[in-house]
Every structure is written in C-alpha cells, then in structure tokens.
Amino acid sequence: MPNIQRRLPGRLPKVGIRPIIDGRRKGIRESLEEQTIRMAKSTADLITKKLRHSNGLSVECVISDTAIGGVAEAARCADKFVQEGVGVSISVTPCWCYGTETIDMDPLIPKAIWGFNGTERPGAVYLSAALAGHDQAGLPAFGIYGKDVQDQDDNSIPEDVEQKLLQFTKAGLAAATIKGKSYLSIGSVSMGIAGSQISPSFFCDYLGMRTEYVDMTEIIRRIEEEIYDQEEYQKALSWVKENCKEGEDRNREDLKHSRSQKDAEWEMVVKMTLIARDLMVGNKRLAELGFSEEAEGHNALVAGFQGQRQWTDHLPNGDFMETILNTSFDWNGIREAFVFATENDSLNGVSMLFNHLLTDRAQIFSDIRTYWSPEAVKRVTGKELTGLAKDGILHLINSGATTLDATGKQKEEGKSTMKPFWEITEEEEKKCLENTKWSPANLEYFRGGGYSSTFYTQGIMPVTMVRINLVKGLGPVLQIAEGYTVDLPPQIHRILDERTDPTWPTTWFAPRLTGKGTFRDVYSVMNNWGANHGAISYGHIGKDLITLSSMLRIPVAMHNVPDEKIFRPKAWASFGTSDLEGADYRACNNFGPVYGRK
C-alpha cells in the first residue's frame, strides 16, 4: 500500500477561486450570481478531481465567500486566501466587471483569469481589460478564453479551457510548493562542477528558497554517535540483503575489496541513506532517542551530496543512497520519491524538482555522456540504427542518482512507464529490483568502494530532458528537449555500453527533431546542451515547464515544444509575437525575479 505522507512543515498550498461579477445592483448583479458562482464551483471541481500534490494528497480549493464586484469584496477575498494558505489564484467570470477594482493584487501568487466565451454577456471584454490592468501594474497574469462560443446556461468546461486551467494550476502549485523550502547542500563543490557552486541569490530571488549547508562529516558524526533509528537500520539492511542483488566486480584483481570489506560497505551505504533522508526532512524517532535537534531536519525539498572526491577517495560512494532516495520505494514500501542530486549539482537538482512537482513521478539524473551518430554506430557495431534511433542517440548514464523507476518495468496497457508512486504496484516494485544489480564501485574512480546501480532502461517511453543553467549577466535559463527512450538491439547496446562504465545505469535517448534550429539534428541538441548533466522526466512536459518558468521569470533557451502548446502570461505578447523565444527573454528581464528586486 503506497505511503502517502506530509514530510515537511507547513500547509500544502491551496488554489483560490475568485468569482468576479458586475457590481451593479438592482438587476444586473442579481441575474449573474448563479452563473458566476457555478463557474467557480465547476473550476474547483475540475481541479480537485484531476490534480494531486506530489505526495499523493488531493489539491484543495478555496472559493471566495461572495462574488467579487468591487474592491471591498476583493479585499475580503484576499484576506481569506491568506488565512487559508492559498498559493495559486484563478479568477472566473461570465460577464463584464470592473477591471482594476476586482483583480488579484498579490505580487507573489501566480494568477490566471478565465473569461467565459458567451455572447449574452461580455466576459471576454472583462478578460482583456483585467489583463491590461495586470500588465500595467506589473503583475503578469495568464488569460484563459475558450475558442468556441458557449450558451449562457452551458455548465461544461470546454476541453481547451480545461487543459489551460490544469496546466496553469499544476505549474502554479509547483511554484507555491517550492517557496519557503530549502536546498540542502551536503558537502561543497564536486570536482569543479559549476552547478555544485550553490548560488543563494538564485535560490532566494527566483525560487523563494533557502540554501542550507552541512559538511559531509556530519554523516560520519551521526554514524559514529549512532544518531539514526537502529530498528529501521536493521529493517533496511535486511531488505537490502533480500532485494539488492550484487553485480559483477569488474575491478582488477589487485584492487578488489574483500568480502568483509564489501559487507561493511553495504552497512555504511544503508546508514548513509537513512541519515541523508533525516537531514532533509527530519525524523521524529530521533527525538525519542534523545536527539531533538537532529530530529528537526532542514526542511529540504531537494538536496545534493558532494561525494567526489574528498568522500569517495576514502569512504563508500553515494550511489546507493542517491538511487534509493530518488526511487519511489524502499524498505518502508512504496512512497514519494525524494529529489536528490549527484555531485551536489544544485541546478540539476532544481531541474529534477521542477519535473517531479509537475509530473508527481521519480526523476532520472544523468550525464549527457555521448552523442552516437548513425555512422559511428555502424562503424563500431556493424549494425544500423533504426526506428526512433535512426537519426542518432544520446547516451544518458551516471554512477549516481538514476531512479530504479527508470528500469522500464512499470507498465500501463503493456507499455513501459514511470508512474506516480500511488499507482505503482508491489509487483512492479519487485520487477524494478529484480532488473537491477548493484555492482561494486569502480575503484579507480571510487577508492572507498560502494555500489552502483546497474540496469538498462527498457521500453519506448516519452521523456523530457531538462536543465537550468546560470549565465553571468543573464541569470538562470532553462533548456528543454522532448524525445523518447529507445530499445537498442542487445548486440548494439552491449558494444556501446562496454565502451564506458557498464556498471552504471544506461538510458538511450532520442530527442524529437523539428528540422530547424537546435533541433535540426541530434548532434545539435548535444552540442548546445548547457552542462554535463540533465534531469529526465517521464512524459512530454515541455509545455508545463515553459508555463512554470514564465511564472518564475526564467527564460527558456532551447526547446522543441510546438508553439500552439506554449502558455505564458498575456503580457509576454507585448514583447513580441513573431519571435516567442526572444519575447520570453525580454519579458523575464523586464519583470525580474518574483522574489528578488531588480
């Protein structure tokens, strides 16, 4: 049975619904009350039925106590939203209303307006007027307007309106969930990787997050002083012995660790996993054991572990810890995946966090290791790439945080998938574990030993590769590449995989090509990727990422999302309509980070 729980302090953000109405009494307002409230209720019903938080709990909606016809009612609604913990605001109306008197003025809450497309009353006129007011006040809002005219008594939500309501709301909830949480840096900079140089200004100004820091020696301290749940440790170790099959030791004979060394490494990496989790979210059990301070945790929605090299030159690597935390199950059963970055790459950690909150699914962390052209594959293997792989592939591989969900052993209608944890069955959990081996670490890389997950992502799955980069003078930018995981013939996979470290998990990725720009070919995708890492999510979620990034004022540097799926605040059109990428840059620069000051 999936374990649905709240891990961090505070309330989950709610969605506020604001029914807006023509304030004129003695006939006009009275004739509109029923329809306006009905719109609000139908919007709330849609959201509560279709969306969940990433922890599996239902999304709650809060409707204003009255329709809003003027500034006093708007103020009362705003006060209620504060008391209820509303993090996302949707205004709905079927009619003309008083623009700047009724709009939501909170600068920190993502906001949208649905103007009913009907001929009896000018809902579209209010929508345009209200959005203009938002633009003029520097409070960008999303406009939602159905393509087809509806009858006044039509209570349905058209498909195009529904899609935009859900897209906006899910992205808004992601932004609201991130706000006030922490990134926990366990250690410092790994091997000179720029992404593990934690930028407090980025986290604070763009995400509304704290940055928390502990040295890696804190893990040693907790192990030596036994600041972890001993009972859970024994349970975890038994589970590992039963379910985590040890893979082939491919080290040179003169380097191989003894059986007693390997057993001690298993014990160490299990303790590391418990402690890293406790550092992130706390553990009430520690308070019962007399460790009240350690029981609190760091309110971390995402974390990263430096590992290399100061830790891994002497102690077991973090591969097991990172993989299990990023997986939708462990010794306590099926539960929400954590978001945990290898090599403390905070920017890839945030990319994984965006993906996780938009999809409710576990995430893949990978090196964007190699571009294999069809010609190179033919030369090396004697075989030709076919199907989705015919134009070339990217080898996604990393020793650390590739979730076991990525084995491809979760199924929907017979096809490989990666599910929200509450849909995963115990049988699927078992198959993910059965198709993973834990290979003794490559001791030339990791002198302290440890275990790397070894598996091959099987099945064709739609996925999206994502990365945030920081550029001096520009700030954060987001990159998006939608595509598919691909099954290679066993002989091709074996030959290509053996050319790198075959003890690490491999995913073969074919970006979806558009024939132009960065996506004219697979080589150009690889050549324009901004860093050595990428966060890979199940599903084609580029449109959702674009919506979220616009809320946070992070421009998108490259993507292969069709223009008709892009949904940004209405104000973006004022920065240009023929070059949407350029307009995005100009709009984000103009409005600046949500939580910072320009």
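As a reminder, the structure under discussion sits directly above these lines.
Cut-offs used in this document
- Residues numbered from 1 in each chain as written.
- Predicted model: local features only at pLDDT ≥ 70, side-chain atom pairs only at ≥ 80, totals over all residues.
- Heavy atoms only, no water.
- Helix = DSSP H or I, 4+ residues; strand = E, 2+ residues; numbered from the N terminus.
- Buried < 20%, exposed > 50% of the residue type's maximum accessible area, 1.4 Å probe, protein only.
- Pairing = 2+ DSSP bridges.
- Axes fitted to C-alpha atoms, helices over the stretch in contact; angles between N-to-C directions.
- Contact = heavy atoms within 4.5 Å.
- Phe/Tyr/Trp six-rings, centres within 6.5 Å; stacked < 30°, edge-to-face > 60°.
- Lys NZ or Arg CZ within 6 Å of the ring centre and 35° of its normal.
- Salt bridge = Lys/Arg side-chain N within 4 Å of Asp/Glu carboxyl O.
- Parallel < 35°, antiparallel > 145°, perpendicular 65-115°, else oblique.
- Left-handed = near helix turned anticlockwise from the far one by under 90°.
- Nonpolar A, V, L, I, M, F, W, Y, C, P; charged D, E, K, R; others polar.

### What to know about unusual backbone geometry
Argument step 1. Here Gln308 and Arg309 are connected by a cis peptide whose omega angle stands at -5°.
Argument step 2. Position of Arg309 among the secondary structure elements: in the loop between strand S9 (300-305) and helix H12 (319-325).
Argument step 3. With a phi close to 55°, Met191 is a non-glycine residue in the positive phi region.
Argument step 4. Within the fold, Met191 resides in the loop between strand S6 (182-186) and helix H6 (200-207).
Argument step 5. With a relative accessible area of 46%, Met191 lands in the partly exposed category.
Argument step 6. A positive phi angle, close to 55°, is found at Glu343, a residue other than glycine.

### Examining the sheet that holds strand S7 (residues 210-214)
Argument step 1. Within the open sheet, the four strands sit side by side as S7-S6-S9-S12. Their pairing is parallel. The sheet is open, and its two borders are formed by S7 and strand S12 (340-342), each paired with just one other strand. Averaged over neighbouring strand pairs, the angle between their axes works out to 20° when direction is ignored.
Argument step 2. Alignment of S6 against S9, held across five bridges, turns out to be parallel. Looking at the pairing, Ser185 lines up with Gly304 of S9.
Argument step 3. Its contacts with the sheet place helix H9 (residues 259-281) against S6, S7, S9 and S12, and it is angled at close to 140° to S9.
Argument step 4. Packed onto the sheet, helix H13 (residues 346-359) meets S6, S9 and S12 and runs at close to 145° relative to S9.

### Quick notes on the packing of aromatic side chains
Argument step 1. According to the stated counting rule, one finds 18 aromatic pairs in the structure shown.
Argument step 2. Both rings, one in Phe575 and one in Phe591, keep their centres 5.9 Å apart while their planes meet at 70°; by these two values the pair is edge-to-face. Of the two residues, Phe575 is situated in the loop between strand S23 (556-558) and helix H19 (580-591) and Phe591 in helix H19; the sequence distance between them amounts to 16 residues.
Argument step 3. An aromatic cluster is built from Tyr183, Phe202, Phe203 and Tyr206, whose rings are joined through pairwise contacts.
Argument step 4. We note Arg7 situated over the ring of Phe338; from NZ or CZ to the ring centre the distance is 3.6 Å.

### A closer look at the pattern of salt bridges
As a working rule, side chains carrying opposite charge can pair if their charged atoms are close by.
Argument step 1. Within this structure, the stated rule accounts for 37 salt bridges.
Argument step 2. Glu162 is the partner of Lys50 in a salt bridge, and the nearest nitrogen-oxygen pair spans 2.7 Å. Linking Lys50 in helix H1 (residues 28-50) with Glu162 in helix H5 (residues 159-178), this pair joins segments that are 112 residues apart in sequence.
Argument step 3. Taking the relative accessible area as the measure of exposure, Lys50 reaches 48% and is therefore partly exposed.
Argument step 4. A relative accessible area of 21% means that Glu162 is categorised as partly exposed.
Argument step 5. Residues participating in the shared-partner salt-bridge network are Glu218, Arg221, Arg222, Glu225 and Glu294.

### Re the pairing of strand S3 (residues 86-93)
Argument step 1. Burial runs high along S3: eight of the eight residues are buried.
Argument step 2. Examined bridge by bridge, strand S1 (residues 14-19) and S3 share six bridges and lie parallel to one another. Its bridge partner lying in S3, Val15 is registered against Val88.

### Focus: the packing of H5 against H13
For any two helices packed against each other, the geometry is given by the interaxial angle and the distance between the axes.
Argument step 1. Contact pair H5 / H13: the axes reach a minimum separation of 9 Å and the direction vectors enclose 130°. Considering their axes alone, H5 and H13 lie oblique with respect to each other. Regarding H5 and H13, the two cross each other, and that crossing is right-handed. Side by side, H5 and H13 meet where Lys170, Ala171, Ala174, Thr177 and Ile178 of the first sit next to Leu353, Phe354, Leu357 and Leu358 of the second.
Argument step 2. Grouping the amino acids of the contact of H5 with H13 by side-chain chemistry returns seven nonpolar, one polar and one charged.

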